[in-house]
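# Observations on chain architecture
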Amino acid sequence: MPDRTPYLAANWKMHKTTEETERFLAEFLPSVPEEGAEVVVCPPFTSLNTAVELCFQSRVRVAAQNMHEADDGAFTGEVSAPMLLELGVHGVILGHSERRQYFNETDEALARKVPVALGAGLEPILCVGENEGQRDADETEGVLTRQIEADLAEVPETRLSEVVIAYEPIWAIGTGRTATPDQAQEAIALIRGLIESRSPEGAAAIRILYGGSVKPDNAAELLSQPDVDGALVGGASLDPADFAAIVKAAA
Ligand code: PGA
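Residues numbered from 1 in each chain as written. Predicted model: local features only at pLDDT ≥ 70, side-chain atom pairs only at ≥ 80, totals over all residues. Heavy atoms only, no water.

### Concerning the overall build of the protein chain
What counts, and what does not: In DSSP terms, a helix is any run of H or I states spanning at least four residues, a strand is any run of E spanning at least two, and both are numbered starting from the N terminus. Using C-alpha atoms as the atom set, the radius of gyration is obtained and then compared with a globule rule of 2.2 Å times the number of residues to the power 0.38. In this scheme, a residue with accessible area under 20% of its type's maximum is buried, one over 50% is exposed, and one in between is partly exposed, where area comes from a 1.4 Å probe on protein chains only. Note on definitions: a residue-residue contact is assigned when non-hydrogen atoms from the two residues lie within 4.5 Å. For the accessible areas, the method is Shrake-Rupley and the probe is 1.4 Å, while residue cover comes only from the protein chains on display. Residues scored as positive are Lys and Arg, those scored as negative are Asp and Glu, and His as well as the terminal groups of each chain are ignored. Positions of charges follow a simple convention, taking NZ of Lys, CZ of Arg, CG of Asp or CD of Glu.
From N to C terminus, the protein chain includes eleven helices and eight strands. Taking 18 Å as the expected radius of gyration for a compact globule of 251 residues, we find that the protein chain reaches 17 Å, a close match to that expectation. Counting only residues that meet the buried cut, the protein chain has 53% of its 251 residues in that class. Here the contacts in the protein chain between residues at least 6 apart in sequence split such that 71% fall between residues at least 24 apart. Here the protein chain has roughly 11300 Å² of accessible surface; of this, 50% comes from carbon and sulfur atoms. Averaging the positions of the 19 positive and the 41 negative side-chain charges in the protein chain gives two centres separated by 1 Å.

Take a look at the structure:
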């Protein structure tokens, strides 16, 4: 089995102006260990340029939080892969539950977006996860299976390992209610099994993260699970010291 490099991503959501981005990175960048986990920050569109410039001399890479699948066109308010690439952006979060819930992001759209991102040279961070009602009704497996099968349908087997998947149970996002390490491991092992049915090599190499109320004090235990390859961190990633502590917990 290939060694999977841990992957820690900061999802800032609609937080931080460019000035706040500068302040965060001035404190955060010097605290990033020289080797070890891959570290990615995902600021809002307006701070991408600043983040790319400030991270240029560091190991930290920058990803966007969404992308339209067309290269250009009459899609007011949207941003395309070539626009992100021109800024030096490395990847893009796709299918975050807030986009699915509030902005009508569908599995059909994600089935187009994921291969477009890959084809353009952007690393997709695909988010999946069940809501509380679905977990209580024992539908977690069905929901994850549907999302993974649909969202990755157009990704060729040989490129599956280039996608990063984030398992984010919706009931754990921003609630302070973290999945237990066992719950995270179980869901992520299930997702790896779904990838394995298409490509055993892809399943062994693909990074699958946990997201949902990851904090400095619970990160080490979550990250020590055999199938948990990293974390997508929301609230705690807004504080440079907290996100640095989570990065160090992956070591
Ligand atoms: P949270 O958010 O860490 O604030 O729960 C995680 C996410 O939504 O990616």
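### Observations concerning the pattern of salt bridges
The line we're drawing: Salt bridges, as used here, are contacts in which a Lys or Arg side-chain nitrogen is within 4 Å of a carboxyl oxygen on Asp or Glu.
If you walk through the whole model with that rule in mind, you get 15 salt bridges. With a shortest N-O distance of 3.3 Å, Arg23 and Glu19 are connected by a salt bridge. Here the residue Arg23 and the residue Glu19 both occupy positions in helix 1 (residues 18-28), the gap between them amounting to four residues, near one helical turn. Taking the shortest distance from any N to any O, the salt bridge between Arg135 and Glu130 comes out at 2.7 Å. Each member of the pair, Arg135 together with Glu130, is buried. Counted as one network, the salt bridges with shared partners bring together Arg4, Arg192, Asp227 and Asp229.

### Looking at the pairing of strand 3 (residues 61-64)
Put simply, the rule is: Pairs of strands are assigned from DSSP output, requiring at least two bridges between the strands.
By the bridge criterion, two bridges tie strand 2 (residues 38-42) to strand 3 in an arrangement that is parallel. What sits directly across from Val41, in strand 3, is Val62. In terms of strand pairing, strand 3 meets strand 4 (residues 91-94) through two bridges, oriented parallel. For Ala63, the partnering residue across the bridge sits in strand 4 and is Gly91.

### Concerning the nonpolar core
Note the following rule: In this description, a nonpolar core means a group of buried Ala, Val, Leu, Ile, Met, Phe, Trp, Tyr and Cys residues linked to one another through side-chain atoms lying within 4.5 Å.
Membership of the largest hydrophobic core comes to 66 residues, with the highest contact counts inside it found for Phe28, Leu152, Ile165, Tyr210 and Phe243. Of all the elements, helix 8 (residues 181-196) adds the most residues to this core, at six residues. Those residues in contact with Leu152 that lie beyond four places of it in its chain are Val114, Leu126, Gln147, Leu160, Val163, Ile165, Ile195 and Arg198. Core analysis: the second largest hydrophobic core is formed by twelve residues, Ile93, Cys127, Ala166 and Leu232 among them.

### Some details on the layout of surface pockets
Note the following rule: Any residue with an atom within 4 Å of a point lines the site, the site being either a cavity, points on a 1 Å grid over the protein atoms alone where a 1.4 Å probe fits but cannot get out, or a pocket, an open set with protein on both sides within 12 Å along at least 5 of 7 lines. Grid points are joined across faces, edges and corners, and a volume is the space filled by probe spheres set on the points. Gly falls in the polar group here, along with every residue not listed as nonpolar (Ala, Val, Leu, Ile, Met, Phe, Trp, Tyr, Cys, Pro) or charged (Asp, Glu, Lys, Arg).
The space that makes up the largest pocket amounts to roughly 440 Å³. Considered class by class, the residues forming the lining of the largest pocket number eight nonpolar, six polar and four charged.

### As for empty space enclosed by the protein
What the rule picks out here adds up to one cavity of 30 Å³ or more. Quantified by volume, the largest cavity comes out at close to 30 Å³.

### Considering the packing of aromatic side chains
Under the convention used in this document: Pairing of aromatic side chains here covers Phe, Tyr and the six-membered ring of Trp, requires ring centres within 6.5 Å, and sorts the geometry by plane angle: under 30 degrees stacked, over 60 edge-to-face, intermediate tilted. For a Lys NZ or an Arg CZ to count as sitting over a ring, it must be within 6 Å of the ring centre and within 35 degrees of the ring normal.
Applying the stated criterion to the full structure yields five aromatic pairs. Ring centres 6.5 Å apart and planes at 85° place the aromatic pair Tyr102 and Phe103 in the edge-to-face group. For Phe103, a relative accessible area of 51% translates into the label exposed. One aromatic cluster in this structure is built from Trp12, Phe24, Phe28 and Phe243. Cation over ring: Lys16 sits above Trp12, and NZ or CZ is 5.4 Å from the ring centre.

### Focus: the site of the ligand
What counts, and what does not: Consider each residue's heavy atoms; a residue with any of them within 4 Å of a molecule or strand counts as near. Two N or O atoms count as a polar contact when they lie within 3.5 Å, although within protein this holds only if one can serve as hydrogen donor and the other as acceptor, and sequence-adjacent residues are included solely when both atoms are side-chain atoms.
Taken together, 13 residues sit near the ligand, with Lys13, His96, Glu168, Gly174 and Ser213 positioned nearest. Measuring from an oxygen atom of the ligand, one finds a side-chain N or O atom of Lys13 at 2.7 Å. Separating an oxygen atom of the ligand from a side-chain N or O atom of His96 is a distance of 2.7 Å. Per-class residue counts for the shell around the ligand are four nonpolar, seven polar and two charged.

### Some words on a negative patch on the surface
What counts, and what does not: Residues form patches when they are more than 30% accessible in relative terms and have no salt bridge. Like charges link within 9 Å. Nonpolar side chains (Val, Leu, Ile, Met, Phe, Trp, Tyr) link within 5 Å.
Negative charge collects at one region of the surface, where Glu141, Asp182, Glu186 and Glu221 lie side by side. Within the secondary structure, Glu186 sits in helix 8.

### Looking at the packing of helix 1 against helix 2 (residues 45-55)
Convention followed: Lines are fitted to the C-alpha atoms to define the axes, a helix being fitted only along its stretch in contact, and any angle between axes, read from their N-to-C directions, falls within 0 to 180 degrees. Should an angle fall under 35 degrees it is taken as roughly parallel, and over 145 as roughly antiparallel, whereas 65 to 115 is taken as roughly perpendicular and any remaining angle as oblique. The handedness criterion is simple: a crossing whose near helix is rotated anticlockwise from the far helix by less than a right angle is left-handed, and one whose near helix is rotated clockwise is right-handed.
For the pair helix 1 and helix 2, the least separation of the axes is 9 Å and the interaxial angle reads 25°. Accordingly, the angle class assigned to the pair helix 1 and helix 2 is roughly parallel. The element helix 1 and its partner helix 2 pack so that their crossing is right-handed. In contact with Thr18, Thr21, Glu22 and Leu25 of helix 1, helix 2 contributes Thr46, Ser47, Thr50, Ala51, Leu54 and Cys55. Looking at the contact of helix 1 with helix 2 residue by residue, the classes come out as four nonpolar, five polar and one charged.

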